[in-house]
Amino acid sequence: MLLIYVPYKTNRIEYTWNFIFNEATKVPYVLTTSVEEFSAYNGSKFEYSNKKTQNGLWLWASNLLFENNITSEYKEKNCKDWGYVLFPTDNTDSLIPFDIPSAVFWLICRCEEYISENTPFDLHKRYDYRNSWLYSRNLLDKPIVNIWIIEFVNKIRTYFPALIVELPKYKFISTIDVDNMYACKGKSILQNLVGGVKSFFHQRINLAWNRITYFFTNKDLYDTYDEILIIHNNYRIKPVFFILTSKHTLYDRNLLPQNPYFKKTINILSENADFGIHFSYYSYEQNSYEWELNTLENLSKTKIIKNRFHYLRFRIPQYYQKIYECGILEDYSMLYAQIDGFRAGTCTPYYFFNLKSDEVTSLKIFSSPFMDKHLTKKWYNEKAYNIDKIFNYIQNIKKFGGTFVLLWHNETLFEKENFKNTNLDIYKTIIEYAIR
């Protein structure tokens, strides 16, 4: 067992050490504020404080975890053997040259996203990835939190070789966003003709032709559910479909839930898949969370505890707090819409800590390193690079015992323009590699 002495406990301290030694790794540990207990213990131990007061190993602590104010400020340094780190110290007595719990807490709690209205957002009023520390230091493509933690644990083991360290078991979760259940089904001739013209002007020729010819062929390019279910059944995987149920807005254009095709599709999918809600673009402004959630629960006849925000449009902490109050226990929105990478610096799911209320919740956050719509010509020039980059993400997640969440859309499986092979071929390849 590892004993950690702290001058006093806070919610932040307990939350962060639990993530480091119970979620990102599996190390039996205990926090103590007792000097007598710490002094008498002969096993693996160290002190975590602003100033060293006990004999033995000491890890320097900044003030971040001992206070409860909200700040996006940080200090950084390029340290030998560590690269760029947060909350560094020049005190050579410290076990490592930075306050790793504070750095971990700052990243996974998304302290930098608790931002003022003066901070620029992107076009959809989302947190702009260009403001993130990980992006500024070219670290987005690495699960840097997990890397730090493993190196830190290995450092401790140089002093206490008998310390037992395990990693969590790697997990794979396959998810599909249903923004548009069908391209043509359930829509009028006029809707399909107008949609065909729009698709043509957006240079989506296959889709334009499908919308114009649908009433002669009865084929819908977004109707990829059979292919999705066959793939997952072959590998004995149960996918999660995130369904958009809102009323129509400029950015929410799914079939309405009362449409017969909507209901039929939900019934078909319910036999071989799980469901999550895809809270709509304006769900926060319209306070429509409960209505959208109840609609899907009534149609699917299941309790829904999973969410992914449509357009990945959310703000911390207010959006998370709202869905948590509605009974959502898992969120899958922690990635950027415009760029691939680990938004929170980790491949390990973690619980949402609300900085405003200074408390941990039971809402668990799952991140994805990329989604299908990142896979454009700009990102991938050749098939080899395509596969290599995807595999590198998955390899890193497996290495640290993380959870790989694959994010795809039913509507993208038919597309060919951006790839030498179809999206369906790449989709199968990714799933096969993820489950090895």
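Since the model is a prediction, treat every value here as computed from it, not as a measurement. (Residues numbered from 1 in each chain as written. Predicted model: local features only at pLDDT ≥ 70, side-chain atom pairs only at ≥ 80, totals over all residues. Heavy atoms only, no water.)

## A look at helix α5 (residues 144-159)
Two residues of an α-helix separated by three or four positions point the same way, owing to the 3.6 residues in each turn. As a reminder of what qualifies: Here a helix means four or more residues in a row that DSSP labels H or I, a strand means two or more in a row labelled E, and each is numbered from the N terminus. By this rule, a helix spans an expected 1.5 Å times one less than how many residues it contains. Burial classes: relative accessible area under 20% of the type maximum marks a residue as buried, over 50% as exposed, and values in between as partly exposed (1.4 Å probe, protein chains only).
End to end, α5 covers 24 Å across 16 residues, agreeing with the expected 22 Å (1.5 Å per residue, within 8%). Taken together, the buried positions of α5 are Ile-144, Val-145, Asn-146, Trp-148, Ile-149, Phe-152, Val-153 and Ile-156.

## Brief notes about the packing of helix α1 (residues 11-24) against α5
Axis angle and axis distance: for two packed helices, these are the angle between their axes and the distance between the axes, and together they describe the pair. So the rule is basically this: Angles here are taken between N-to-C directions and fall from 0 to 180 degrees, while the axes themselves are lines fitted to C-alpha atoms, restricted in helices to the stretch in contact. When describing relative orientation, an angle under 35 degrees is termed roughly parallel and one over 145 degrees roughly antiparallel, while 65 to 115 degrees is termed roughly perpendicular and anything else oblique. The contact criterion used is simple: two residues touch if any of their non-hydrogen atoms lie within 4.5 Å. Each residue gets one label: Ala, Val, Leu, Ile, Met, Phe, Trp, Tyr, Cys and Pro are nonpolar, Asp, Glu, Lys and Arg are charged, and the others, such as Gly, are polar.
For the pair α1 and α5, the least separation of the axes is 11 Å and the interaxial angle reads 85°. Here α5 runs roughly perpendicular to α1, going by the angle between their axes. Where α1 approaches α5, its residues Trp-17, Phe-19, Ile-20, Phe-21 and Ala-24 are matched on the opposing element by Val-145, Asn-146, Ile-149, Phe-152, Val-153 and Ile-156. Class assignment for the residues of the contact of α1 with α5 results in 10 nonpolar, one polar and no charged.

## Brief notes about the side chain of Ser-300
Stated precisely, the cut-off is as follows: Counting of polar contacts relies on pairs of N or O atoms within 3.5 Å, with two restrictions inside protein: one atom must be capable of donating a hydrogen and the other of accepting it, and residues adjacent in sequence are counted only when both atoms are side-chain atoms.
Here Ser-300 is to be found in helix α11 (residues 289-300). The class of Ser-300 is buried, set by a relative accessible area of 7%. Only 2.7 Å separates the side chain of Ser-300 from the backbone oxygen of Leu-296, close enough to count as a polar contact. A polar contact is formed between the side chain of Ser-300 and the side chain of Thr-302, at a distance of 2.8 Å. Not counting the four nearest positions on each side in its chain, Ser-300 is found in contact with Ile-266 and Phe-275.

## Let's talk about the state of the cysteines
Stated precisely, the cut-off is as follows: Any two cysteine sulfur atoms lying within 2.5 Å of each other are counted as a disulfide.
In the structure shown here, the tally under the stated rule is zero disulfides. In this model Cys-111 remains outside any disulfide bridge; the closest cysteine sulfur is found in Cys-109, 5.7 Å from its own. In this structure Cys-111 comes out as buried when scored by relative accessible area, which is 2%.

## Overview of the packing of aromatic side chains
The criterion, for reference: Aromatic pairs are defined between Phe, Tyr and Trp rings, using the six-membered ring for Trp, whenever the two ring centres lie within 6.5 Å; interplanar angles under 30 degrees are classed as stacked, those over 60 as edge-to-face, and all others as tilted.
Following the criterion strictly, the structure yields 43 aromatic pairs and no others. The interplanar angle of 10° and the centroid separation of 5.5 Å between the aromatic rings of Trp-17 and Phe-21 together place this pair among those described as stacked. Pair noted here: Trp-17 and Phe-21 are both in helix α1, with a separation of four residues, about one helical turn. Per residue, the accessibility class of Trp-17 equals that of Phe-21, and both read buried. Ring centres of Tyr-281 and Tyr-282 lie 4.7 Å apart, and the angle between their planes is 70°; this geometry places the pair in the edge-to-face category.

## Some points on the sheet that holds strand β3 (residues 44-49)
Whenever strands of a sheet pair, they do so through backbone hydrogen bonds, lying parallel or antiparallel. Stated precisely, the cut-off is as follows: Only when DSSP finds a minimum of two bridges between them are two strands counted as paired.
Strand order in this open sheet of four strands is β2-β1-β3-β4, and the pairing throughout is parallel. The sheet terminates laterally at β2 (29-32) and β4 (58-60), the two strands that pair on one side only. Each strand axis lies, on average, 25° off the axis of its neighbour in the sheet, ignoring direction.

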